[in-house]
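Architecture and fold: a report
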Amino acid sequence: MAMRFSVLASGSTGNAMYVETPSQKILVDAGLTGKKMDELFKKIDRDPKQLDALLVTHEHSDHIKGAGIFARKHNLPIYANEKTWKAMEKQIGQLNTDQKFHFNQETVKQFGDLEVESFGVSHDAADPMFYCFRHEGRKLVIATDMGYVSERIKKTIAGANSYVFESNHDLNMLRVGRYPWNVKRRIISDMGHVSNEDAALALHDIVDDTPIHVYLAHLSLDNNMKDLARMTVKQVLEQEGHQVGKTIHLHDTDPYSPTALCVV
């Protein structure tokens, strides 16, 4: 009777994540085309027609590109906060009234046997937020697109069994990379994205000796690499006294291929 999840896709080209319990099937974001979303579900042997809800984190296109067409095709209710709805309505197109629901920041909603808590993050969107999922004493956290990890966020997401956690860029790669300065400044700002090192430092503040699984997510295609992100996070955590591979297990995500369905 476990909670399971798959990071369907993660990165600047598109983000989507699937969460299921015995009675609920939830999609978080749909940042790829409707056709690609269907292909990702086939890869994890799940039918999107059985989804119960689509939860939106914010209106950036890499999180909602396929939301409208996917919701219309599968008659899927969409949940987002009021400011995000206003910001994304033109992008996702016409929906039936019974497909549009509000889910505000810092609130808890019950979806059958799945409890979902929303929390706000610092990012350059209208009202960005991410989610904690709880089922049968297990906790899963999705936390990306954060300019920084505040003490409030750390308190909210502490105690999870699995994290999908932002490790967006390597600072050195970003500094010498091809991006114009204004884009670099946005990424490293408090409204941008979390670096590999800062991800590790935040995790250090959050975790204890309980075994956890961390999926490093939203890696930049231009300013990061899977091996580099994993190595940096591992080194920082070990310097802080954590046993990576024993109590903290690090996993990759991919912009084009889903992770295997994992038990939280």
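Sequence order sets the numbering: in each chain, residues are counted from 1 along the sequence as written. Predicted model: local features are reported for residues with pLDDT of at least 70 only, side-chain atom pairs are reported and counted for 80 or more only, and whole-chain, interface and lining totals are derived from all residues. Hydrogens and water molecules were not included; the side-chain quantities draw on all heavy atoms of the structure.

Side note on the overall build of the chain
Worth spelling out the cut-off: Elements are defined by DSSP. Helices are runs of H or I of four residues or more, strands are runs of E of two residues or more, and each kind is numbered from the N terminus. Radius of gyration: C-alpha atoms only; globule rule: 2.2 Å multiplied by the number of residues to the exponent 0.38. Partly exposed residues are those whose accessible area sits between 20% and 50% of the maximum for their type, while under 20% is buried and over 50% is exposed, using a 1.4 Å probe and protein chains only. We call two residues in contact when some of their heavy atoms are within 4.5 Å. Where accessible areas are quoted, they stem from the Shrake-Rupley method and a 1.4 Å probe; at the residue level, only the protein chains shown are allowed to cover. When charges are counted, Lys and Arg contribute as positive and Asp and Glu as negative, whereas His and the chain ends are disregarded. Working definition for charges: the position is that of NZ of Lys, CZ of Arg, CG of Asp or CD of Glu.
Of regular secondary structure, the chain possesses 9 helices and 14 strands. The C-alpha atoms of the chain give a radius of gyration of 17 Å, which matches the 18 Å a tight globule of 264 residues would have. Dimensions of the chain, computed from the C-alpha atoms along their principal axes, are close to 50 × 45 × 35 Å. Taking all 264 residues of the chain together, the buried fraction comes to 57%. Pairs at least 24 apart in sequence give 63% of the contacts found in the chain among residues at least 6 apart. When the accessible surface of the chain is summed, it comes to about 11600 Å², and 48% of that surface belongs to carbon and sulfur atoms. Each charge class in the chain was averaged separately, 31 positive and 35 negative side chains, and the resulting centres sit 5 Å apart.

Quick word on unusual backbone geometry
The phi torsion at N75 lies on the positive side, around 50°, for a residue other than glycine. You will see that E136, though not glycine, has its phi angle at about 50°, which is positive. Here E136 lies in the loop between β9 (129-135) and β10 (138-143).

Focus: the packing of aromatic side chains
Which entries qualify depends on this criterion: Stacked, tilted and edge-to-face are the three classes applied to pairs of Phe, Tyr and Trp rings, where Trp contributes its six-membered ring and a pair requires centres within 6.5 Å; stacked means planes under 30 degrees apart, edge-to-face means over 60, and tilted covers the rest.
Across all of its chains, the model carries 9 aromatic pairs by this definition. Each ring, one from Y79 and one from F111, has its centre 5.1 Å from the other, and the planes form 80°; the classification is edge-to-face. Here Y79 is found in strand β5 (residues 78-80), whereas its partner F111 is found in strand β7 (residues 108-111), with 32 residues between them in sequence. The pair Y79 / F111 is uniform in exposure class, with both members buried. Look at F103 and Y131: their rings are 5.6 Å apart centre to centre, the planes differ by 55°, and that puts the pair in the tilted class.

Considering the pairing of strand β8 (residues 114-120)
Quick note on the threshold: DSSP calls a pair of strands paired once it identifies at least 2 bridges connecting them.
Counted residue by residue, β8 has 6 buried out of 7 residues, so it is predominantly covered. Connecting β7 to the next strand, β8, in antiparallel fashion are 2 residues, including G112 with a positive phi near 60°. Taken together, the 6 bridges between β8 and β9 define a ladder with antiparallel strand orientation. Considered in β9, the bridge of E115 is made with R134.

Here we look at the UniProt feature "domain: Metallo-beta-lactamase" (unreviewed entry) in the chain
Basically, it comes down to this: UniProt positions are given in the numbering used here, feature names are shortened, and annotations may be inferred rather than shown by experiment.
Within this structure's numbering, the places UniProt gives as "domain: Metallo-beta-lactamase" (unreviewed entry) are residues 13-218. Counted over residues 13-218, helix gives 32% and strand 26%. Its end C-alpha atoms are 9 Å apart.

Re the state of the cysteines
Rule in force here: Cysteine sulfur atoms are paired as a disulfide whenever they come within 2.5 Å of each other.
The tally for this structure, following the rule as stated, stands at 0 disulfides. With no disulfide of its own, C262 has C132 as its nearest cysteine by sulfur position, at a separation of 18 Å.

Examining the side chain of E20
Convention followed: For this analysis, a polar contact is any N or O atom pair within 3.5 Å, provided that within protein one partner can donate a hydrogen and the other can accept it, and provided that sequence-adjacent residues contribute only side-chain to side-chain pairs.
Note on placement: E20 falls in strand β2 (residues 16-20). The class of E20 is buried, set by a relative accessible area of 8%. Within the structure, the side chain of E20 is placed 2.6 Å from the side chain of Y18, a separation counted as a polar contact. When neighbours within four sequence positions are excluded, E20 is seen to be in contact with A2, M3, R4, K25 and R46.

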